[in-house]
Amino acid sequence: MITRYSYSPMIETGAVVREITVSAGAPEPFTLTEDGGFLLRMDEKCRVYGLGEAIRGINKRGWVYTSWCSDDPFHTEDKRSLYGAHNFLIFDGEVRFGAFFDLPGKITFDLGYTDSDTAVIKPESLHLDLYIITGDTLKAIVSEFRSLIGKSYIPPAWAFGYGQSRWGYVTEKDIRDCADRYRDAGIPLSMLYLDIDYMDSFKDFTVHPERFPDLKAFAQEMKARGIRLIPIIDAAVKREAGYSVYDEGHEKGYFCKDADGEDYVVGVWPGMSVLPDFLNPEASKWFGQQYKALTDLGIEGFWNDMNEPALFYSERGLNDAFKEIKDLEEAPLDALNFFGVRDTLVRLQNSEDDYKRFWHDTPQGKFSHYDVHNLYGYHMTKSAYEALCDLLGEPPLLFSRASYIGAHRYGGIWTGDNSSWWGHILQSLQQMAGLNMCGFLFSGSDIGGFGGDCTRDLLIRWMSFALFTPLMRNHAAFGTRSQEAFAFGDTEVFRHIIELRYRLIPYLHSAFEKAAKEDGMYFRPLAFDYEDDEIAATVEDQLMVGDSLMIAPIYVQNAVARHVYLPEPMTQIRMHEGEISTEELKEGWHYIPVPLGDVVYFTTSPIPLAEPVVNTAESDGNN
Ligand code: GLC
């Protein structure tokens, strides 16, 4: 059951697709605090699930989280915000219910951080709709919530293959070499991603004339080999007279404006740029149509980036900063002045002052970006999805970095700029649980880690987990050590793992479709399937995948075994050097050896495995 409480919302966010009548009275079981917070006393056993991409545990209790789409490349434990704003959570205590706080601005979830038995959820201003969702089981609460927000995006079947990416492939030759090395190693590959260097001066919807002299022919050549090229599109558009996307958008007034009605100028990859006003339906439609420049070349999938939106600086902020620094130049140099200079520049990035200084022109009126910040990436995804369905005649592969609930209907997300750290395997697993509750089924993290240097063993362990994530993509930052499946010399071990992914696609794909169509979860914490099992409820490093599979990956350096909890008797499946063996195990705790290169998972009923293939184009029914 869903009960809606309405507190003069300032704008329709578009998250909800069902009309629910507003209830009067108190938003029970919360009580409203004097300063507009929602307070709940949590009993000792109360667990808190949800919050989508947020880090720190499947059970979110004990920390404070802020929904504020943030471009932050350091996903350390002290962080409160990441790229997504996913304001749905479930309290599983003596009272059990879900709550969705639907508002476009900032909101903080203090889940036992200030006071360990109290949750206080505090929107920055009390303009929102609150939905309280009840159900007999945790799964029922999730599916009731999902019926409220609409069906999850389903990508084309080929998107379930393995993809390689790297910020640092610059030319057609770099991409072809990568494809050749995969082929030579006999490792299946279905997608190669093009990062910003394929563009001409980082201008959206352009192709660098020398680096990719004939992208159409190249895309065709790759597709014939079963590999799709997936280019990146950034939110900001370079301000450059003569660049048609800029000229047209500027002339039609489709970019976000300052208080005086001038295009607000920000610095992102292309230098001085402007921001498409995705909250203006006309502008959004217009931006979507620009993808045609690339679909005409045979492109069928995209990743949308920098759409929090990420700002390195703004023209106005930079000018102010230079003035401030100039003034400091006159002052005697001491440590304070020095740090002052440094911080003046650091503060420019993703500055809330900038977010307050530009405006959106929506059908519901003009809004300061700051007030509707969390909707920006969502509307970019919607713009792309709707246009691409039209252009391609079918859904594209599409995923985004920033998101809000509702965006799950139009695309997937990846978890952004993680690092080559062991802890980030576990973090990614825990994020998958929260994301699935919020409808973002097509998700995954950068395998091997984006920032920092990856090692062979880290990549093996990461892949052994990520072979179960719907989006399976290896991606790394510019300047980091190579981390392709061929980068560490011996390729056999990686071939076996990636082959296993392809062999499992029939199961994974149908589990995914079932979750999407039935408002279910592809990944579930054990607590969701075994509600009466007190141990299952505390397991933070295992997940159920589909109806009959459970994973328990290794995420510790040099570990060769781990404890695994089986809530019921299960079959252990072990892949060792490409060979599959099985063993029946009783319920309870087991200490399972998992030597490097072995993949171990558990099933509650038999799961079909396809024959090994070289790419998805060849796999059963998945082209
Ligand atoms: C951002 C993205 C990353 C990409 C880089 C360059 O940091 O999150 O995936 O490689 O920009 O485009």
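For the structure itself, look to the data block above.
These numbers were taken from a predicted model, which means no experiment stands behind them.

Engineer: Looking at this structure, how should I read the overall build of the protein chain?
Structural biologist: On a plain count of helices and strands, the protein chain comes out with 15 helices and 35 strands. Since a compact globule built from 623 residues should have a radius of gyration of about 25 Å, the 24 Å found for the protein chain is in line with a globular shape. For the C-alpha atoms alone, the extent of the protein chain along its principal axes is close to 70 × 65 × 55 Å. Look at the contacts in the protein chain between residues 6 or more apart in sequence, and 73% of them connect residues 24 or more apart. In the protein chain, 57 positive and 94 negative side-chain charges are present, and the distance between their average locations comes to 2 Å.

Engineer: I'm lost on the site of the ligand in this one. Help?
Structural biologist: The full set close to the ligand counts 13 residues, and Asp195, Asp305, Arg401, Asp417 and His475 are the nearest of them. Take Asp417: an N or O atom from its side chain is 2.5 Å from an oxygen atom of the ligand. In the model, an oxygen atom of the ligand is placed 2.9 Å from a nitrogen or oxygen of the His475 side chain. Calculation on the ligand without its partners gives an accessible area of 310 Å², and the protein chains cover 97% of this total.

Engineer: Can you walk me through the sheet that holds strand S35 (residues 599-603) in this structure?
Structural biologist: Taken in spatial order, the six strands of this open sheet run S28-S29-S30-S35-S32-S33, and their pairing is antiparallel. This sheet does not close on itself; its edge strands, each paired only once, are strand S28 (523-524) and strand S33 (579-585). Sheet topology note: the strand S29 (residues 543-545)/strand S30 (residues 549-551) ladder contains three bridges and is antiparallel. Each bridged residue has a counterpart across the sheet, and for Leu543 the counterpart in S30 is Ile551. Along the sheet, helix H14 (residues 492-517) makes contact with S29, S30, strand S32 (570-576), S33 and S35, crossing S35 at roughly 20 degrees.

Engineer: Whenever I open this one, the packing of aromatic side chains confuses me. Can you help?
Structural biologist: Within the structure shown, the criterion is met by 52 aromatic pairs. Aromatic side chains Tyr193 and Trp303 sit 6.1 Å apart centroid to centroid with 85 degrees between the ring planes, which places their arrangement in the edge-to-face category. Residue Tyr193 is found in strand S13 (residues 191-194), and its partner Trp303 is found in strand S18 (residues 301-305); the two are separated by 110 residues along the sequence. Its relative accessible area of 0% is what places Tyr193 among the buried residues. Residue classification places Trp303 among the buried positions, given a relative accessible area of 1%. Among the aromatic side chains, those forming a connected cluster through ring pairs are Tyr153, Phe160, Tyr378, Tyr385, Tyr404, Tyr410, Phe442, Phe512, Tyr522 and Phe523. In this arrangement the basic side chain of Lys106 is found over the ring face of Trp68, its NZ or CZ atom lying 4.8 Å from the centre. In this structure, Lys203 packs its charged tip against the face of Tyr243, placed 5.4 Å from the ring centre.

Engineer: When you look at the sheet that holds S18 in this model, what are you seeing that I'm missing?
Structural biologist: Across a sheet, paired strands are connected by hydrogen bonds in the backbone, their directions being either parallel or antiparallel. Strand order in the open sheet formed by nine strands is S25-S24-S22-S18-S14-S13-S12-S27-S26, with parallel pairing between adjacent strands. Two strands close off the open sheet at either side, each with one partner strand: strand S25 (443-444) and strand S26 (446-447). Two elements, strand S24 (residues 412-414) and S25, share two bridges in a ladder whose sense is parallel. Residue pairing across strands places Ile413 opposite Ser443, the latter belonging to S25. Seen against the sheet, helix H11 (residues 376-392) touches strand S14 (228-234), S18 and strand S22 (397-400) and runs at an angle of roughly 170 degrees to S22.

Engineer: It is not clear to me how the pairing of strand S21 (residues 365-368) should be interpreted in this structure. Could you clarify?
Structural biologist: Both faces of the sheet carry side chains from a regular strand, because those side chains alternate between them. Pairing of strand S20 (residues 359-362) with S21, which is carried by four bridges, proceeds in the antiparallel orientation. If you follow Trp359 over to S21, its bridge partner there is Ser368. Count of turn residues in the S20/S21 antiparallel hairpin: two residues.

Reading the values: the criteria
- Residues numbered from 1 in each chain as written.
- Predicted model: local features only at pLDDT ≥ 70, side-chain atom pairs only at ≥ 80, totals over all residues.
- Heavy atoms only, no water.
- Helix = DSSP H or I, 4+ residues; strand = E, 2+ residues; numbered from the N terminus.
- Rg over C-alpha atoms; globule rule 2.2 N^0.38 Å.
- Contact = heavy atoms within 4.5 Å.
- Lys, Arg positive; Asp, Glu negative; His and termini not counted.
- Charge placed at Lys NZ, Arg CZ, Asp CG, Glu CD.
- Near = heavy atom within 4 Å.
- Polar contact = N/O pair within 3.5 Å; in protein donor to acceptor, adjacent residues only side chain to side chain.
- Areas by Shrake-Rupley, 256 points an atom, 1.4 Å probe, with all protein chains shown as cover.
- Pairing = 2+ DSSP bridges.
- Axes fitted to C-alpha atoms, helices over the stretch in contact; angles between N-to-C directions.
- Phe/Tyr/Trp six-rings, centres within 6.5 Å; stacked < 30°, edge-to-face > 60°.
- Buried < 20%, exposed > 50% of the residue type's maximum accessible area, 1.4 Å probe, protein only.
- Lys NZ or Arg CZ within 6 Å of the ring centre and 35° of its normal.

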